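One letter stands for each residue in the lines below.
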Amino acid sequence: MSPSAQNKNVGATIDKLFRLTTMFFAFLVFILLFGIIITLFIGSLPALKAFGPSFFTSDAWNPVTVQFGGLVPIYGTFITALIAMLIGVPVSFGIAIFITELSPVWLKRPIGVAIELLAGIPSIIYGMWGLFVFAPLFADHVQPWINDNLGSLPLIGQVFQGPPMGIGMLTAGFILAIMVIPFTASVMRDVFEIVPSMLKESAYGLGATTWEVVWNVVLPYTKTGVVGGIMLGLGRALGETMAVTFVIGNAHELSPSLMMPGNTISSALANEFTEAVGDIYTSSLITLGLTLFVITFIVLALAKLLLIRLALREGKQS
Amino acid sequence: MSQFNNQRYLRRKFVNGLALSISVVTVIFALTFLVWILWTLFSQGFSHLNLAVFTKMTPPPGSAGGLLNAILGSVYMVLFATLIGTPVGILAGTYLAEYGKSGWLAPTTRFINDILLSAPSIVIGLFVYEVAVNSVGHFSGWAGSLALSLLVIPVVVRTTENMMTLVPSTLREAAAALGAPYWKVIVNVVYRSAKTGIMTGLLLAVARISGETAPLLFTALNNQFWNSDMSKPISSLAVVIFQFAMSPYEDWQHLAWAGALLITLFVLGLNILARTLFRSNQSPS
């Protein structure tokens, strides 16, 4: 074999080796997801064996008698995320409209940077701010007003009645809303920007107002992307830990009132996991973790699929 | 008839004005909270930041002290997490960008990676607890690093892939035409031109894990004393802030604010650095 041919052989071997190495690491990322699900499932087996499916419908949480149920944290997770979405989505929508349609060019960058800063602040800072600054203010000025004005409404009044403590589901949901705004708003801004200006200009040419263009042209064109952005925010809100743990109050009681302290899956884990004694207690918490992971997985996967669909349609048109 | 048209016109104008004003209000709403949070943080943080914070250990309740061991623990864990996560992320990203045109592995991995990017970090902590704490029998700094590295990987994979696909294929073809094998093309040409972009991703990843608390709670746990042994429980700034801020002791709360300021300055500084680095790379220089 001539030296050059040997060289070529060596080159080809290294080539193959390199390819296989990168493939191995890609496979590692791929397998990580299943690793997480399987590990958590094994960890949650003792609790699932002890309580069966009723774990998800029971509101018991008693370390002394070893009775556990996930209803309260699961309920809390959904309710806080729902509050966050009710506040966060319209605000994000407004911000995205402002950046894409209203803002003068020189203002676009600073506002974009400000929103990114909001996303960059670590979640523990939101929690501290919520506990020390926002919650006392909320208890003194906002909650009494809500009690007086919304608490007497028929049917839903109960939801707004409660002691003005500052901490609770409503506060947690509100802080979550501020945290998801940057994520949702930046996705919305990105998808609004892909609307062809020809479409918008023809609507303007027909005499449409800015709002009519946004509502009747931009939004229909980008609706899958907008929903994707909302789902992305929802995924964040469901799994956020530190900001919620500070202000939720860590109470395992089911209450219709949003003013009462509650619990979310992530805050229950943060508060109790290291102190949990006994297999069943630990395993119950792991079951909660698995539940959270499955829920966020579904939400994020849907978000991703919607955004991919929008991108595909974009590709076809251009 | 003209009266009716006029009314309709006014109504449309009114709706437009209302909607756009609300849009301006939402921007002000978000900016208010940004300024409010930062203002609280700076005023509280700077008033409790002093030399002792950097030179003394975390104190028992009721006495003065600093955050030295927590800062050290954070630096150690972030450093090792980056060292573990970066190669894995870059190589996996390379596969997605360079070999990912065919087959099922690349699209699926890309999809899974995007989900891991936003997965709740506390669940990652639980996973590492099961794998690296429960099986060994004790909490450790290594477990904390591992948990953080699992948060680094998706960020690095994502930016590496994006930056490598931005490299024009003519560059690859030119190198290949000179007879370079593909791995050399990737290492010497593609990596080199995507270098700044990949660095940006790395900085963003470090910024992300520096402020993370949830995955450390039950992996690295906490340690009140000076510890540089990664196989033992180790303290971290974020966990100490959490513990101190939730405590009823004022001294502890003050230290928590000082620590919070340090973390935020570091994280926001890295974010800004990453963005300026990326922008200077984008503009033709």
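Keep in mind the model is a prediction, meaning the values are calculated, not measured.

Looking at the interface of chain B and chain A
Piece 1. Listed by partner, the interface residues are 79 residues for chain B and 83 residues for chain A.
Piece 2. At the junction of chain B and chain A, the tally comes to 3 salt bridges.
Piece 3. Between Arg275(B) and Glu116(A) there is a salt bridge, with its nearest N and O atoms 3.2 Å apart.
Piece 4. Across the chain B-chain A interface, the total number found is 9 residue pairs in polar contact (both at pLDDT 80 or more).
Piece 5. The greatest single-element share of the side of chain B that touches chain A, amounting to 19 residues, is contributed by helix H1 (residues 2-47) of chain B.
Piece 6. By residue class, the composition of the side of chain B that touches chain A is 60 nonpolar, 14 polar and 5 charged.

Looking at the environment of Ala147(B)
All names here are of chain B.
Piece 1. Tracing the backbone through its elements, the reader meets Ala147 in helix H6 (residues 141-166).
Piece 2. Ala147 sits 50 residues away from Gly197 along the chain, and the two C-alpha atoms are 24 Å apart.
Piece 3. In contact with Ala147, other than residues within four places in its own chain, are Ile124, Val128, Pro215 and Thr219.

Focus: the side chain of Ser284(A)
Piece 1. Counting through the fold element by element, Ser284(A) comes out in helix H10 (residues 279-317).
Piece 2. If we ignore the near neighbours within four places in the chain, the residues touching Ser284(A) are Ala47(A), Phe51(A), Phe55(A), Trp61(A) and Phe68(A).

Quick word on the layout of surface pockets
The gaps of empty space that remain are located by a probe, the size of a water molecule, rolled over the atoms.
Residues and elements named next belong to chain A.
Piece 1. Of the pockets and cavities examined, the second largest pocket occupies roughly 380 Å³.
Piece 2. Around the second largest pocket, the lining is made up of 19 residues, and of these Ile83, Ile87, Phe138, Leu170 and Phe174 lie nearest the centre.
Piece 3. Elements represented by at least two residues in the lining of the second largest pocket include exactly helix H2 (71-102), helix H4 (123-149) and helix H5 (169-193).
Piece 4. In terms of residue class, the lining of the second largest pocket is made up of 18 nonpolar, 1 polar and no charged.

Description of the confidence of the model for chain B
Piece 1. Model confidence for chain B is summarised by a mean pLDDT of 90, while 96% of its residues fall at 70 or above.
Piece 2. Quick note on the complex model: pTM equals 0.91, ipTM equals 0.90.

Regarding the packing of aromatic side chains
In this description, a pair of aromatic rings is defined by centroid distance and the angle of the planes.
Piece 1. If you walk through the whole model with that rule in mind, you get 34 aromatic pairs over all chains.
Piece 2. When the centroid spacing of 6.2 Å and the interplanar angle of 75° are considered together, the rings of Trp61(A) and Tyr281(A) count as edge-to-face. Of this pair, Trp61(A) sits in strand E1 (residues 61-62) while Tyr281(A) sits in helix H10, placing them 220 residues apart in sequence.
Piece 3. Overall, Trp61(A) belongs to the buried group, its relative accessible area being 12%.
Piece 4. Look at Phe246(A) and Phe242(B): their rings are 5.5 Å apart centre to centre, the planes differ by 80°, and that puts the pair in the edge-to-face class. Residue Phe246(A) is found in helix H8 (residues 242-248), and its partner Phe242(B) is found in helix H11 (residues 237-245); the two belong to separate chains. Note on accessibility: Phe246(A) and Phe242(B) belong to one class, buried.
Piece 5. Connected via pairs of aromatic rings, a cluster forms that spans Trp129(A), Phe134(A), Phe138(A), Phe174(A), Phe29(B), Phe33(B) and Trp36(B).

Brief notes about the pattern of salt bridges
Piece 1. A full pass over the atoms with the stated rule returns 9 salt bridges over all chains.
Piece 2. Among the ionic pairs, Arg189(A) bridges to Asp190(A), the shortest N-O distance being 3.5 Å.
Piece 3. Here Asp190(A) falls in the partly exposed class, since its relative accessible area comes to 42%.
Piece 4. With a shortest N-O distance of 2.7 Å, Glu212(A) and Arg12(B) are connected by a salt bridge. Of this pair, Glu212(A) sits in helix H7 (residues 210-239) while Arg12(B) sits in helix H1, which puts the two residues in different chains.
Piece 5. Within this structure, Lys304(A), Asp114(B) and Arg158(B) form a network of salt bridges that share partners.

Rules of the game
Residues numbered from 1 in each chain as written. Chains lettered and ligands numbered in written order. Predicted model: local features only at pLDDT ≥ 70, side-chain atom pairs only at ≥ 80, totals over all residues. Heavy atoms only, no water. Contact = heavy atoms within 4.5 Å. Salt bridge = Lys/Arg side-chain N within 4 Å of Asp/Glu carboxyl O. Polar contact = N/O pair within 3.5 Å; in protein donor to acceptor, adjacent residues only side chain to side chain. Helix = DSSP H or I, 4+ residues; strand = E, 2+ residues; numbered from the N terminus. Nonpolar A, V, L, I, M, F, W, Y, C, P; charged D, E, K, R; others polar. 1 Å grid on protein atoms, 1.4 Å probe; cavity = no way out; pocket = protein on both sides within 12 Å on 5 of 7 lines; lining within 4 Å. Points joined across faces, edges and corners; volume = space filled by probe spheres on them. pLDDT = per-residue confidence, 0-100. Phe/Tyr/Trp six-rings, centres within 6.5 Å; stacked < 30°, edge-to-face > 60°. Buried < 20%, exposed > 50% of the residue type's maximum accessible area, 1.4 Å probe, protein only.

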